[in-house]
Each structure stands twice: as C-alpha cells, then as structure tokens.
Amino acid sequence: MAVLQLAKVSRVYRKGENEVRALDGVDLSIEAGEFLAIVGPSGSGKTTMLNILGCLDSPTEGSIVYDGVDLRRLDEAGLSAYRRDRISFVFQSFNLVPVLTVRENVELPLVIQARAEGASRLARGRKGSSGAARSDAEIKALALEMIEAVGLSGKADRFPRELSGGQEQRVAIARALVKRPLVVLADEPTANLDSRTAGEILDLMRDINERMKATFIFSTHDRMVMERARRIVSLHDGKVA
Ligand SMILES: Nc1ncnc2c1ncn2[C@@H]1O[C@H](COP(=O)(O)OP(=O)(O)O)[C@@H](O)[C@H]1O
Ligand SMILES: [Mg+2]
C-alpha cells in the first residue's frame with residue numbers, strides 16, 4: 001500500500017490582489033521504502049510540497065492520505081501528534097540544539113514522545129494502561145544505536161560546535177530516524193555542504209534507506225544529488241512535469 005497519496009493537491013498563497021499557485025493540482029503516490037527526489041528550479045514549489053507533506057502547512061484544495069489516514073480528519077492537535085510520532089525532518093541548516101550533546105540531540109524526539117505519552121496517561125487517570133513509555137535507559141540505547149548507524153560512535157558526548165557540517169548532518173539524520181518514522185522529509189538537505197560532503201551524506205541516506213527500509217523524500221536542485229535518487233518527481237510552476 002502507498003505510504004502517502006496526494007490527490008489534486010493545491011496550495012494558493014494570496015498577497016493582496018495577487019495569488020500564487022505554489023502547488024497546482026498535484027497527484028502523487030509514494031510507496032514505503034522509496035528514496036525520492038523532488039526537483040525543480042527555485043520557486044517551483046518544492047518547499048511548499050515538503051511543508052505540506054510534513055503537516056506544517058495544509059493544502060488549499062485536495063487530499064493527503066498517510067498510511068490510510070486522511071489528514072483532513074485530524075484537527076490541529078491531531079496533526080501535531082501525527083507529526084510527532086510518524087514524520088521526521090532533516091533541515092538544510094541541521095538545527096541541532098547547541099547546548100545538548102550528540103546523544104542528547106538524538107534522544108530528543110524520544111524524550112518528547114515519552115513526555116506526551118506520560119501526559120496522556122495522566123489525563124486518562126489510570127496507571128499501567130496501554131503502551132508503556134520508554135525508560136531513560138531504553139531511550140539512551142536507541143540513540144546510541146542510531147549514532148553508530150550514521151558512523152559517529154566516538155562522538156556521542158561531543159557538542160555540535162565540535163563537529164564538521166557533514167558530521168552535524170549525520171547527527172540530524174540519526175535524530176530523524178530514532179523514532180522509526182513513516183517518512184523522513186528533507187528540504188535541500190545538502191545545500192549547506194561542499195559537494196564531496198554532500199555526496200557522502202546522500203550515500204549515507206541511501207544506505208540507511210536500504211538497511212532500515214526508511215522512506216526518504218527530499219528536494220534538491222543539485223544534479224549530483226538527483227543522480228543518487230531512485231525516483232525523481234519534477235515540479236514546474238507547482239505542477240508535476
Ligand atoms: N508564504 C508565502 N507567501 C506568498 N508566496 C509564497 C510563500 N511561500 C512560497 N511562496 C511562493 O510560492 C512559490 C513556490 O515557492 P517554494 O515552495 O518556496 O518553491 P521552491 O522551494 O521550489 O523554491 C513561489 O512563487 C514563492 O514565491
Ligand atoms: Mg525551497
């Protein structure tokens with residue numbers, strides 16, 4: 001089954017009299033395990049598309065069905081919980097927390113999930129109900145496992161400022177994968193890296209895609225990055241070419 005289905009998705013931005021159709025009737029089906037590049041010139045709608053796939057923005061028209069869940073059925077809190085549990089991001093500028101170590105950065109998504117589970121258990125007013133939250137020791141072990149998977153075993157106790165850009169992006173990839181999301185979304189993930197490091201990061205993402213069966217959807221306008229994709233979707237003026 002498709003992990004993600006877009007039907008007639010449009011996003012219109014209004015600015016006074018003008019309207020921009022940043023996405024214009026996009027139909028797209030993405031299978032679990034894909035390694036998909038969204039390509040197109042600047043202004044073609046790549047960021048708008050990834051924001052919508054990440055539940056950071058909603059389409060003006062059309063539907064998005066994630067793993068059988070129509071996002072239109074979720075309210076603000078539901079979307080937020082969906083994003084927390086099922087969707088991960090890798091950012092162009094890495095967005096690591098500077099005062100946390102590598103391990104603490106990678107643990108963060110699991111810590112946030114554990115807190116959310118704890119809060120909802122309190123709200124239900126019962127002890128020992130479904131889905132026991134992970135212990136600190138389990139969270140630490142999962143983080144260390146991902147840090148090893150991205151080749152940074154010796155760096156777990158370092159701070160982001162002690163790392164190179166390529167190493168920071170490896171940490172960001174470990175952080176994205178630690179909760180085993182349905183999809184990892186990355187908007188131009190290599191734009192702040194030199195071309196050799198960008199190639200290494202793409203090779204790492206592709207290796208993790210194969211080993212962990214993780215689904216990656218990333219945008220780029222870098223030819224070298226496109227060449228490493230398994231499938232390419234081209235956007236032009238908000239339409240799939
Ligand atoms: N918040 C916004 N308000 C108005 N127009 C926007 C906004 N965000 C994007 N756009 C417009 O939508 C189009 C697509 O932008 P974007 O998704 O950022 O493209 P890309 O990431 O491919 O460069 C562009 O014409 C852009 O100017
Ligand atoms: Mg963009």
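Residues numbered from 1 in each chain as written. Chains lettered and ligands numbered in written order. Predicted model: local features only at pLDDT ≥ 70, side-chain atom pairs only at ≥ 80, totals over all residues. Heavy atoms only, no water.

### Considering the packing of helix α5 (residues 165–177) against helix α6 (residues 195–212)
Any two packed helices are characterised by the angle at which their axes cross and by the distance between the axes.
Part 1 of the reasoning: Across the interface, α5 lies against α6 with an axial gap of 10 Å and an inter-helix angle of 20°. Judged on the interaxial angle alone, α6 and α5 are roughly parallel. Between α5 and α6 lies a crossing of right-handed hand. Between α5 and α6, the contacting residues are G166, Q169, R170, I173 and L177 on the first element and T197, E200, I201, L204, M205, I208 and M212 on the second. (Axes fitted to C-alpha atoms, helices over the stretch in contact; angles between N-to-C directions. Helix = DSSP H or I, 4+ residues; strand = E, 2+ residues; numbered from the N terminus. Parallel < 35°, antiparallel > 145°, perpendicular 65-115°, else oblique. Left-handed = near helix turned anticlockwise from the far one by under 90°. Contact = heavy atoms within 4.5 Å.)

### What about the sheet that holds strand β3 (residues 35–39)?
Part 1 of the reasoning: Pairing in this open sheet of six strands is mixed, and the strands run β6-β7-β8-β3-β9-β10 from one edge to the other. One side of each edge strand has no neighbouring strand; the edge strands of this open sheet are β6 (87–90) and β10 (239–240).
Part 2 of the reasoning: Where β3 lies against strand β8 (residues 216–220), five bridges are found, and the strand directions are parallel. Within β8, the position partnered with V39 by the bridge is T220.
Part 3 of the reasoning: Its contacts with the sheet put helix α2 (residues 76–86) on β6 and β7 (183–187), and the angle it makes with β6 is roughly 70°. (Pairing = 2+ DSSP bridges.)

### Considerations on the site of ligand 1
Part 1 of the reasoning: What surrounds ligand 1 is the set Y13, K15, V20, A22, P41, S42, G43, S44, G45, K46, T47 and T48.
Part 2 of the reasoning: At a separation of 3.2 Å, an oxygen atom of ligand 1 approaches a polar backbone atom of S44.
Part 3 of the reasoning: Between ligand 1 and T47, the relevant distance is 2.8 Å, taken from an oxygen atom to a side-chain nitrogen or oxygen of the residue.
Part 4 of the reasoning: Here ligand 1 has 560 Å² of accessible area as a free molecule, and 64% of this is covered by the chains.
Part 5 of the reasoning: The element that contributes the greatest number of residues to the shell around ligand 1 is helix α1 (residues 46–53), accounting for three residues.
Part 6 of the reasoning: Of the residues belonging to the shell around ligand 1, the class tally is four nonpolar, six polar and two charged. (Near = heavy atom within 4 Å. Polar contact = N/O pair within 3.5 Å; in protein donor to acceptor, adjacent residues only side chain to side chain. Areas by Shrake-Rupley, 256 points an atom, 1.4 Å probe, with all protein chains shown as cover. Nonpolar A, V, L, I, M, F, W, Y, C, P; charged D, E, K, R; others polar.)

### Topic: the pairing of β8
Part 1 of the reasoning: Counting buried positions over the five residues of β8 gives five, a clear majority of the element.
Part 2 of the reasoning: The two faces of β8 match: F216, F218 and T220 on one face and I217 and S219 on the other face are all buried.
Part 3 of the reasoning: Summarising the sheet, β7 and β8 pair through four bridges and their orientation is parallel. When the bridges of β8 are listed, V184 appears paired with F216.
Part 4 of the reasoning: In this fold, β7 hands off to α6, which returns the chain to β8; that crossover is right-handed. (Buried < 20%, exposed > 50% of the residue type's maximum accessible area, 1.4 Å probe, protein only. Right-handed = clockwise from strand over helix to strand, strands pointing away.)

### A closer look at the packing of helix α3 (residues 102–124) against α5
Part 1 of the reasoning: Two elements in contact, α3 and α5, have axes separated by 7 Å at closest approach and are oriented at 30°. As summarised for this structure, α3 and α5 are arranged roughly parallel, according to the angle between their axes. Relative to α5, α3 is oriented so that their crossing is right-handed. Here α3 contributes V102, N105, V106 and P109 to the contact with α5, which in turn contributes V171, A174 and R175.
Part 2 of the reasoning: Residues of the contact of α3 with α5, tallied by class, amount to five nonpolar, one polar and one charged.

### So, empty space enclosed by the protein
Part 1 of the reasoning: As enumerated under the stated definition, the model contains one cavity of 30 Å³ or more in all.
Part 2 of the reasoning: As a volume, the largest cavity reaches approximately 40 Å³.
Part 3 of the reasoning: Forming the walls of the largest cavity are L110, Q113, A114, E117, A133 and R134.
Part 4 of the reasoning: Classifying every residue of the lining of the largest cavity by side-chain character gives three nonpolar, one polar and two charged. (1 Å grid on protein atoms, 1.4 Å probe; cavity = no way out; pocket = protein on both sides within 12 Å on 5 of 7 lines; lining within 4 Å. Points joined across faces, edges and corners; volume = space filled by probe spheres on them.)

### Overview of the pattern of salt bridges
Part 1 of the reasoning: Evaluation of the coordinates by the stated rule reveals 17 salt bridges.
Part 2 of the reasoning: Put simply, R21 and E19 hold a salt bridge, and the shortest N to O gap is 4.0 Å.
Part 3 of the reasoning: A residue is classified by how much of its surface remains accessible, and R21, at 32% relative accessible area, is partly exposed.
Part 4 of the reasoning: A salt bridge links R84 to D85, with the nearest nitrogen and oxygen atoms 3.4 Å apart.
Part 5 of the reasoning: Connected through salt bridges with shared partners, the residues R14, E19, R21, D24, E61 and K239 form a single ionic network. (Salt bridge = Lys/Arg side-chain N within 4 Å of Asp/Glu carboxyl O.)

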